[in-house]
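Observations on chain architecture
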Amino acid sequence: MSLINNSIQNAVSLLNQEQIIGIPTETVYGLAGNIYSSKAIRSIFALKQRPFFNPLIVHIKSANDLSEIAREIPEKALILAAVFWPGPLTLVLKKQIAIPDLVTGGKDTVAVRVPNHPVALALLNQLAYPLAAPSANPFGCISPTTAAHVADYFGEVLPMVLNGGACQRGIESTIVGFENGEPVVYRLGSIAVEDIEAIVGPVKMITHDDIAPAAPGMFSKHYAPLTATFLTADVEKKLTTFPDQKIGVLVFQKGIDDPKIVQQEILSSTGNLAEAASQLYAALHRLDKCHLDCIIAERFPDVGLGKTINDRLKRATQK
Ligand code: TXA
Ligand code: MG
């Protein structure tokens, strides 16, 4: 059987043998293993070259399983889970004692979500345990939104990538924790903050730009292409500062005419932010393969998913 395949049975059997595999979700592909297998969890950290203190997200098949993972769950967490699960919302909650420290980076909280992808749910329904799964990219690289991206990164060492097509959302889940029962956004993601606020009222934002062991939700260097990348409100002006170079351009809606542009990615010609978000990483992957001198990305409108896209583009420009 080839590395990328559709066999849930094969996936189940590898996971039951404490191996790790690539799995699809609606956000990005994950590198998945049994949360109760220290062998599997150690392999995830090793393969990603991820520091052990940066904890993993636990994926469960239904909100009914939440009490197995978390305790003392705030009312607003239950409301958000009822509205957004299955879906790209990760809740950070007090962990049940049984959840291994290896998964949570020794913290007394656990990140958990129900993915909204038919293949991921079919797989979880055949397993006797939840799956820990970080995004299936080496630490600091662009997250994968197709099975082929995962195979490109880890083809030599992974036994299998379960194929679920291109990820519908294309950007990671929004991460929400709680302080005294009130929601706090730790990572911007596929659900706009405005959509969360429409359900539970105003939320605090604590997204971290730097390595901060107390709240490891974000590292600034995440999601970076290998090619030097610039973010600007005015792409045409920025282009004039690079004479005689091979340049890649990433824009929201409207293409730019300039002979220096070797590869141009228009994320949504109709100006739809959800469509743009779903295309972002695939476009960065393509640009990164073009042997460019640099990539110039356009800043997005700072509303809804535009905020999430700007967050990822900002990180893509940091080395
Ligand atoms: O969409 C997603 O969330 C994807 C798919 C595969 O589900 N997964 C994903 O995982 O993005 P990863 O490992 O790339 O990002 C998980 C983030 C990390 O930034 C980690 O620090 C944070 O979740 N996290 C995990 N547990 C946490 C906790 N107890 N407290 C605060 N942050 C936590
Ligand atoms: Mg990640």
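Note that the structure is predicted; figures quoted are calculated from it, not measured.

Rules used throughout
- Residues numbered from 1 in each chain as written.
- Chains lettered and ligands numbered in written order.
- Predicted model: local features only at pLDDT ≥ 70, side-chain atom pairs only at ≥ 80, totals over all residues.
- Near = placed C-beta within 6 Å.
- Helix = DSSP H or I, 4+ residues; strand = E, 2+ residues; numbered from the N terminus.
- Nonpolar A, V, L, I, M, F, W, Y, C, P; charged D, E, K, R; others polar.
- Domains from an automatic or database assignment.
- Contact = placed C-beta atoms within 7 Å.
- Pairing = 2+ DSSP bridges.
- Axes fitted to C-alpha atoms, helices over the stretch in contact; angles between N-to-C directions.
- Buried ≥ 20, exposed ≤ 12 C-beta atoms within 10 Å, placed from the backbone.
- Parallel < 35°, antiparallel > 145°, perpendicular 65-115°, else oblique.
- Left-handed = near helix turned anticlockwise from the far one by under 90°.

Around ligand 1, a shell composed of 28 residues is seen, among which Thr27, Gly30, Pro55, Ala111 and Pro134 lie nearest. Those elements that place two or more of their residues in the shell around ligand 1 are β6 (89–95), β7 (109–113) and β11 (182–187). Residue contributions to the shell around ligand 1 peak at 3 residues, all from β7. Taken together, the residues of the shell around ligand 1 sort by class into 15 nonpolar, 10 polar and 3 charged.

So, about unusual backbone geometry. Residues Trp85 and Pro86 are joined by a peptide bond in cis, for which omega reads -10°. For Pro86, the position within the fold is in the loop between α4 (75–84) and β6. A positive phi angle, near 50°, is found at Asn180, a position not held by glycine. Residue placement: Asn180 occurs in the loop between β10 (174–179) and β11. The phi dihedral of His291 is positive, around 55°, even though this residue is not glycine. Here His291 shows up in the loop between α10 (273–288) and β16 (294–298).

Right, let's get into the domain arrangement of the protein. Interfaces are often described in size by the accessible area the parts lose on coming together. The domains assigned to the protein are domain 1 (4–205) and domain 2 (229–316). With centres defined by C-alpha atoms, the gap from domain 1 to domain 2 works out at 28 Å. Taken together, the contact between domain 1 and domain 2 spans 15 residues of the former and 14 residues of the latter. Considering only residue class, the side of domain 1 that touches domain 2 consists of 5 nonpolar, 8 polar and 2 charged.

Read across the sheet, 4 strands follow the order β13-β16-β14-β15 without closing on themselves; strand pairing throughout is parallel. If you trace the sheet from one side to the other, it starts and ends with β13 (229–232) and β15 (261–266), each paired once. Across the sheet, the axes of successive neighbouring strands diverge by a mean angle of 20°, strand direction being ignored. Sitting on the sheet, α10 touches β14 (247–251), β15 and β16, and the angle it makes with β15 is about 170°.

The subject of this paragraph is the pairing of β10. Taken across its 6 residues, β10 has 5 buried, putting it largely inside the fold. For β6 and β10, the ladder comprises 3 bridges, and the chain directions are parallel. Residue pairing in the sheet places Thr90 in a bridge with Ile175 of β10. Looking at chain direction, β10 and β11 are connected through 5 bridges and run antiparallel. In the strand pairing of β11, Val176 is matched with Val185.

A word on the packing of α10 against helix α11 (residues 305–316). At a minimum axis separation of 9 Å, α10 and α11 run at an interaxial angle of 20°. Comparing their axes, α11 and α10 come out roughly parallel. Here α10 runs over α11; the crossing is left-handed. Residues Leu273, Ala274, Ala276, Ala277, Leu280 and Leu284 of α10 form the contact with α11, whose participating residues are Leu305, Gly306, Thr308, Ile309, Arg312 and Ala316. Here the contact of α10 with α11 is composed, by residue class, of 9 nonpolar, 2 polar and 1 charged.

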